[in-house]
Number of protein chains: 4
Amino acid sequence: MLVRNQDTRSRDYDEMRTKYRPSHADYTYQAKYGIRAWQGGGRASARETIARVAAGAIARKLLAELWSVDILACVVQVKDIVAELNAEILTRDRVESSPIRCPDESASSRMFDLVDAARKSGDSVGGVIHAVARGVPPGWGDPVFDKLDADLAKAMISLPAAKGFEIGGGFQMTHLFGSEANDAFRRASDGRIRTRSNFSGGIQGGITNGEEIWVRVAFKPTATILREQDTVDMDGNETTLAARGRHDPCVLPRAVPIVESMMALVLIDHALRQRGQCG
Amino acid sequence: MLVRNQDTRSRDYDEMRTKYRPSHADYTYQAKYGIRAWQGGGRASARETIARVAAGAIARKLLAELWSVDILACVVQVKDIVAELNAEILTRDRVESSPIRCPDESASSRMFDLVDAARKSGDSVGGVIHAVARGVPPGWGDPVFDKLDADLAKAMISLPAAKGFEIGGGFQMTHLFGSEANDAFRRASDGRIRTRSNFSGGIQGGITNGEEIWVRVAFKPTATILREQDTVDMDGNETTLAARGRHDPCVLPRAVPIVESMMALVLIDHALRQRGQCG
Amino acid sequence: MLVRNQDTRSRDYDEMRTKYRPSHADYTYQAKYGIRAWQGGGRASARETIARVAAGAIARKLLAELWSVDILACVVQVKDIVAELNAEILTRDRVESSPIRCPDESASSRMFDLVDAARKSGDSVGGVIHAVARGVPPGWGDPVFDKLDADLAKAMISLPAAKGFEIGGGFQMTHLFGSEANDAFRRASDGRIRTRSNFSGGIQGGITNGEEIWVRVAFKPTATILREQDTVDMDGNETTLAARGRHDPCVLPRAVPIVESMMALVLIDHALRQRGQCG
Amino acid sequence: MLVRNQDTRSRDYDEMRTKYRPSHADYTYQAKYGIRAWQGGGRASARETIARVAAGAIARKLLAELWSVDILACVVQVKDIVAELNAEILTRDRVESSPIRCPDESASSRMFDLVDAARKSGDSVGGVIHAVARGVPPGWGDPVFDKLDADLAKAMISLPAAKGFEIGGGFQMTHLFGSEANDAFRRASDGRIRTRSNFSGGIQGGITNGEEIWVRVAFKPTATILREQDTVDMDGNETTLAARGRHDPCVLPRAVPIVESMMALVLIDHALRQRGQCG
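J.: Which parts of the structure should I look at to understand the overall build of chain A?
T.: Helix and strand content of chain A: eight helices and 11 strands. Oriented by its inertia axes, the alpha-carbon framework of chain A measures out at about 70 × 40 × 40 Å. Counting the 279 residues in chain A, one finds 52% classified as buried. Within chain A, counting contacts between residues at least 6 apart in sequence, those at least 24 apart form 68% of the total.

Now the structure itself:
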């Protein structure tokens, strides 16, 4: 029902105004500032990322034109469905041809059904985004204060709903021996120094080594759901809340360009620094 | 053999000077600066974290005295051995009584044996550190530019060998429905607003909600190992390298106070900001 | 002539597009960026200060309400005409009742005539603005990196056409002996520690001492004048330029609220820091 | 008397511990922090500038080698004695051959006598330092947030005892008409665009125009003098204080390398930015 009568809308608005949505920023903003944008559209809304994407688009153009750096992200996991990625399918065309922005067609299809089912049941799901930057030369980054991987971590965890960050081998790498996880150096046919594996994710000691930069970001299930949940109101009374309106049951597809933009913004900053410092 | 003759030492030094250790910062520093501290002790050495621990000690004192905030970290995983943590054993005494800094005695013992075995075989292992901040009031943090969880992510990923970061439910949370992962609000007996679960890890929308802050950091296996590995030298020739000297086969126990210090430094910054901004 | 025919306008526009105005930012922007907003309204226009005044208005409200700090600026000199200021006439009413924003009525009248004469002769004049902050408590500021007087200097010299900055006794103070220029401490009737003179301008060692903060800012004559001047065009050919349109022959009256705003923005930053750091 | 008996020393120390030196940072530090380094050598001591000079030495080397930029400062005024400067005598040799660091021999000699007389009478004097940067190319600086002249102002006013800052024509320029003060552009014999005068001091709109950067900094008379002065002690009682020990009656000669260092540090920052941003 797209059109609701005024009474219903008023009741909904009053609920949003007085009750805290669980796992949203309603309560923390109220605790810090004494006010909050309960109507939506405030700084806790993912709409805030519009500016990041706008700036990121410029950064991506500069990275491509001046340094031949290309950035691509995609959905690699939605809840328990994990895509199989490889260099062949990891193309912008494949990503953008999937409504989920997952280039593994089989996984994409199952993810779509899962998100649809979550929507119908008034629930939500999360997942993981994989991002790669190709063509970054060795030497970008900083050894202590602004390590490139640390800046990427801050950029990604600053995104709404982001709860985890990995570079290269990430958490999986903790299950390996050093002799398995180290990236052996080799000399490529073009004379460049390359590595045989890329557990480092293109960054060693905070500085790029010329391999692809690999990053993964975990996004929790959307906090705002239509199901009734326990909460409290602004007077501290326990109550329940079931959100209304159109809320995205899975932020992953729309988070892909945001992740790409944050990666571009971090990289362009370090590209300029590198040119300034090392000429 | 603690004493080596001069010839051996010279050969070792020459190897370290001319060959890049795989997955260390040797190559990236050389690529960026044209020089590097190959003798050890440079900015890519974990010794750099001494200053962080010194400053962190002061930050922890201030947090404890002025805001009754307590910070504790411990080893929760070494390679495939995972400790079982609960509030009862998560005490400083329990952590410090373990040589691995893991408060689960059984796990600690097995971790110790595993690290010892890795040492004997000239290999190394990694793992995960869990950190908790207790007593942080609601309202610390920032809504967009310096979200508290983003600042924690940057702080942790800036540590040597850190490859992953999680806040609250982290990557595991991506396997849940929103209705499972949301932290329902309740009214505590003292009238305070609390949550029933803590998948948010104490931070919502970049701002603390008064629950414990939970963070996990993945550390890769030590890069410098005594086993022979493929690498290249500074002239680009393919060669092999087997490191000598005393290298830690597992950084986890020593990373615990470093993680605590970084958490303290981030929190004291935000404590001062909060007092400045909100009085 | 408010209405000019299209041909005249086109010729004017073409002149502005191709010729560099002497002592304006035309040439430096072109040298740095390869483009410039020659139509006016770019970042080198004083219109850029609108945002500073908007933010300064909020800062002034906060300073007044939370710390009882009051900020007032006025024109103290236009070319060779120097106003005589004293505490009695240094009020907002007196300042705002003068079209020049100079509270000395006699000087204000002569300044007005001088500016009018400059306008009629197609020339321009500069001068000095005096600013005072009253009620700032002791302790605001920083001992090394962000001294309060240094931050005020940066804020003021960042204003278009600003060429000089003084705090307290400023350049005049260089003509005194230390025994004349030192501000002797005394105990006021309310028990507070005060100084007999205020050559320090309320700041000692980068930190406020509780006296009034006194600042003076020199503004050069407006660069854009209607008289013909020697210049070069974008091809490097020597030529002449006589600006058209309505250009302010003296920026001083309009710079008064801008100076006040910059002072307020610097002070509110340090007020928040002081509350954060010292509670 | 270089050797004083213990009783005298103790009494002196006790005086310094309990009484505030007028126009020094004693009182403001005490007001802010509740403690201060009354023994000397704290952050309010000019000794703090050692680090600036050390870093400045490196910056000057880089500026000279990579950009052929040369920085030179000298004393242009001590109390009422004003040196006559011109390009011919403004050389490092001439500056360093004067004990006052003033290249005008006649003025230098009179300044020396004046400082000596001030020392003998237990008093102090101030003055003005002139600094020039030669060879800076057009384009360094920033249009709004970090204008080069604003950064220079902050750098200079951050120095101990600095009370005034001028760029180019400074305060004197306020006495001129725009038609007199504008720097007309001309085409030099080498084809470069130059200006006929340099009232702008090499910076227009926050960005360099390729002319010499001219800066002047006013230093007040040394606050610590041997003459008895009115002050209060830490209990708020009015008393008198006559400082003991060796205190410099004029900081100007020793401030010259400090001013040069701050200029170098600001310029190297902007040199790196310019290379980063504009390639």
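J.: What should I look at first to understand the sheet that holds strand S4 (residues 162-167) of chain C in this one?
T.: Whether parallel or antiparallel, the strands of a sheet pair through hydrogen bonds between backbone atoms. Taking strand neighbours across the sheet as the criterion, the 10 strands line up as S2(C)-S1(C)-S3(C)-S9(C)-S4(C)-S4(D)-S9(D)-S3(D)-S1(D)-S2(D) in an open arrangement whose pairing is antiparallel. Unpaired on one side and paired on the other, strand S2 (81-82) of chain C together with strand S2 (81-82) of chain D mark the two borders of the sheet. Looking at chain direction, strand S3 (residues 127-134) of chain C and strand S9 (residues 213-219) of chain C are connected through seven bridges and run antiparallel. Across the sheet, residue Ile-129 of chain C finds its bridge partner in S9 of chain C, namely Val-217 of chain C. In the packing of helix H6 (residues 148-157) of chain D onto the sheet, the strands contacted are S4 of chain C together with strand S4 (162-167) and strand S9 (213-219) of chain D, and the crossing angle to S4 of chain D comes to about 155°.

J.: Please explain the environment of Ile-89 of chain A as it appears in this structure.
T.: Residues and elements named next belong to chain A. Along the chain, the position of Ile-89 falls in the loop between strand S2 (81-82) and helix H4 (92-96). For Ile-89, a count of 16 C-beta atoms within 10 Å corresponds to the partly exposed category. Along the chain, Ile-89 and Cys-102 lie 13 residues apart, while their C-alpha atoms are 9.7 Å from each other. When neighbours within four sequence positions are excluded, Ile-89 is seen to be in contact with Arg-94, Pro-103 and Asp-104.

J.: I'm lost on the environment of Gly-135 of chain B in this one. Help?
T.: Residues and elements named next belong to chain B. Relative to the helices and strands, Gly-135 resides in the loop between strand S3 (127-134) and helix H6 (148-157). Taking the number of C-beta atoms within 10 Å as the measure of exposure, Gly-135 has 14 and is therefore partly exposed. Distance in space between the C-alpha atoms of Gly-135 and Ala-83 is 24 Å, their sequence separation being 52 residues. Dropping the residues within four chain positions of it, Gly-135 is found in contact with Trp-67, Ser-68, Val-69 and Asp-70.

J.: Can you walk me through the relation of the copies chain B and chain A in this structure?
T.: Turning one copy of the chain about an axis and sliding it along that axis gives the other copy, so a rotation and a shift relate them. Overlay of chain B on chain A (RMSD 0.0 Å): rotation 180°, translation along the axis 0.0 Å. The two molecules are tied by a two-fold rotation axis, judged by turn and shift. Taken together, the interface assignments show that 100% of the residues at the interface of chain B recur at the interface of chain A, consistent with an identical surface on both copies.

J.: Honestly, the packing of H6 of chain D against helix H8 (residues 252-278) of chain D in this entry has me stumped. Any pointers?
T.: Angle between the axes and distance between the axes are the two parameters that describe a pair of packed helices. Residue and element names in this part refer to chain D. Following both chains from N to C, one finds H6 and H8 inclined at 145°, their axes separated by 9 Å at the closest point. Crossing of H6 over H8 shows right-handed handedness. For the pair formed by H6 and H8, the contact residues are Leu-148, Asp-151, Leu-152, Ala-155 and Met-156 on the first element and Val-259, Met-262, Met-263, Leu-265, Val-266 and His-270 on the second.

J.: Looking at this model, I keep getting lost on the relation of the copies chain D and chain C. Mind explaining?
T.: In screw terms, the move from chain D to chain C is a rotation of 180° and a rise of 0.0 Å along the axis, fitting with an RMSD of 0.0 Å. When you check the interface residues of chain D against chain C, 100% turn up at the interface there too, and the contact is symmetric in its surfaces.

J.: What is the right way to read the interface of chain B and chain A from this model?
T.: The parts lose accessible area when they come together, and the size of an interface is often stated as this lost area. Listed as interface residues are 81 residues of chain B and, on the opposing side, 81 residues of chain A. Sort the elements by how many residues they give to the side of chain B that touches chain A and H6 of chain B lands first, with six residues. The class makeup of the residues in the side of chain B that touches chain A is 34 nonpolar, 28 polar and 19 charged. Of the strand pairs in this sheet, strand S4 (residues 162-167) of chain A and strand S4 (residues 162-167) of chain B are connected by three bridges, and their pairing is antiparallel. Residue pairing across strands places Gly-164 of chain A opposite Glu-166 of chain B, the latter belonging to S4 of chain B.

J.: Can you help me understand the pairing of strand S3 (residues 127-134) of chain A in this one?
T.: In regular strands, side chains alternate between the two faces of the sheet. Residue and element names in this part refer to chain A. Within S3, six of the eight residues are buried, which leaves the element mostly enclosed by the surrounding structure. Here eight bridges tie strand S1 (residues 70-78) to S3, and the two strands are oriented antiparallel to one another. Within the sheet, the bridge partner assigned to Gln-77 lies in S3 and is Val-128.

J.: How should I be thinking about the arrangement of the chains in this particular structure?
T.: Looking at chain A next to chain C, you find no contact at all, with the nearest C-alpha pair sitting 15 Å apart. Kept free of each other, chain B and chain D leave a smallest C-alpha distance of 15 Å between them.

J.: I keep staring at the interface of chain D and chain C and nothing clicks. Help me out?
T.: With 81 residues of chain D at the contact, the number on the chain C side is 81 residues. Top element by residues in the side of chain D that touches chain C is H6 of chain D. It accounts for six residues. Each residue belonging to the side of chain D that touches chain C can be placed in one class, and the counts come to 34 nonpolar, 28 polar and 19 charged.

J.: Can you walk me through the environment of Met-173 of chain B in this structure?
T.: When you line up the elements, Met-173 of chain B lands in the loop between S4 and helix H7 (178-181). Residues Met-173 of chain B and Ser-200 of chain B, 27 residues apart in the sequence, show an inter-C-alpha distance of 9.5 Å.

J.: Looking at this model, I keep getting lost on the nonpolar core. Mind explaining?
T.: Soluble globular proteins tend to bury their nonpolar side chains together. By size, the foremost hydrophobic cluster in this structure holds 135 residues, and its most contacted members are Met-156 of chain A together with Ile-129 and Met-156 of chain B. Beyond its immediate chain neighbours, meaning those up to four positions away, Met-156 of chain A contacts Ala-162, Phe-165, Val-215, Val-217, Val-259 and Met-262 of chain A.

J.: What exactly am I supposed to notice about unusual backbone geometry here?
T.: As a rule of thumb, non-glycine residues mostly have phi less than zero, and peptide bonds are mostly trans rather than cis. In this structure, Ser-23 of chain A takes a positive phi of about 60° despite not being glycine. Following the sequence through the fold, Ser-23 of chain A ends up in the loop between helix H1 (6-18) and helix H2 (26-33). Positive phi outside glycine occurs at Arg-101 of chain B, with the angle close to 60°. Structurally, the position occupied by Arg-101 of chain B is in the loop between helix H4 (92-96) and helix H5 (105-120).

J.: What is the right way to look at the sheet that holds S4 of chain B in this model?
T.: In spatial order, the strands read S2(A)-S1(A)-S3(A)-S9(A)-S4(A)-S4(B)-S9(B)-S3(B)-S1(B)-S2(B); together these 10 strands make up an open sheet with antiparallel pairing. Of all strands in the sheet, those with a lone pairing partner are S2 of chain A together with strand S2 (81-82) of chain B, marking the two edges. Contacts between H6 of chain B and the sheet are confined to S4 of chain A together with S4 and strand S9 (213-219) of chain B, with S4 of chain B contributing the most and set at about 155° to the helix.

J.: How do you make sense of helix H3 (residues 50-67) of chain C when you look at a structure like this?
T.: A turn of α-helix holds 3.6 residues, and therefore any two residues three or four places apart point the same way. Residues and elements named next belong to chain C. If you check H3, its first and last C-alpha atoms are 25 Å apart, about what 18 residues at 1.5 Å a residue would give, namely 26 Å. Where H3 is concerned, the buried positions are Arg-52, Gly-56, Ala-59, Arg-60 and Leu-63. One or two positions beyond H3, positive phi appears at Ser-68, with a value near 55°.

J.: Mind showing me how you'd approach the confidence of the model for chain A here?
T.: The predicted coordinates ought not to be read in detail in places where the model reports low pLDDT. Averaged over chain A, the pLDDT score is 94; the fraction of residues at 70 or greater is 97%. Confidence estimates for the predicted assembly give a pTM of 0.95 and an ipTM of 0.96.

J.: How should helix H6 (residues 148-157) of chain A be read in this particular structure?
T.: With 10 of its 10 residues buried, H6 of chain A lies for the most part within the structure. Those residues of H6 of chain A that fall on the buried side of the exposure criterion are Leu-148, Asp-149, Ala-150, Asp-151, Leu-152, Ala-153, Lys-154, Ala-155, Met-156 and Ile-157 of chain A.

What counts, and where the lines are drawn
- Residues numbered from 1 in each chain as written.
- Chains lettered and ligands numbered in written order.
- Predicted model: local features only at pLDDT ≥ 70, side-chain atom pairs only at ≥ 80, totals over all residues.
- Helix = DSSP H or I, 4+ residues; strand = E, 2+ residues; numbered from the N terminus.
- Buried ≥ 20, exposed ≤ 12 C-beta atoms within 10 Å, placed from the backbone.
- Contact = placed C-beta atoms within 7 Å.
- Pairing = 2+ DSSP bridges.
- Axes fitted to C-alpha atoms, helices over the stretch in contact; angles between N-to-C directions.
- Least-squares fit on C-alpha atoms with pLDDT ≥ 70 in both.
- Left-handed = near helix turned anticlockwise from the far one by under 90°.
- Nonpolar A, V, L, I, M, F, W, Y, C, P; charged D, E, K, R; others polar.
- Core = buried A, V, L, I, M, F, W, Y, C linked by C-beta atoms within 7 Å.
- Expected span 1.5 Å × (residues − 1).
- pLDDT = per-residue confidence, 0-100.

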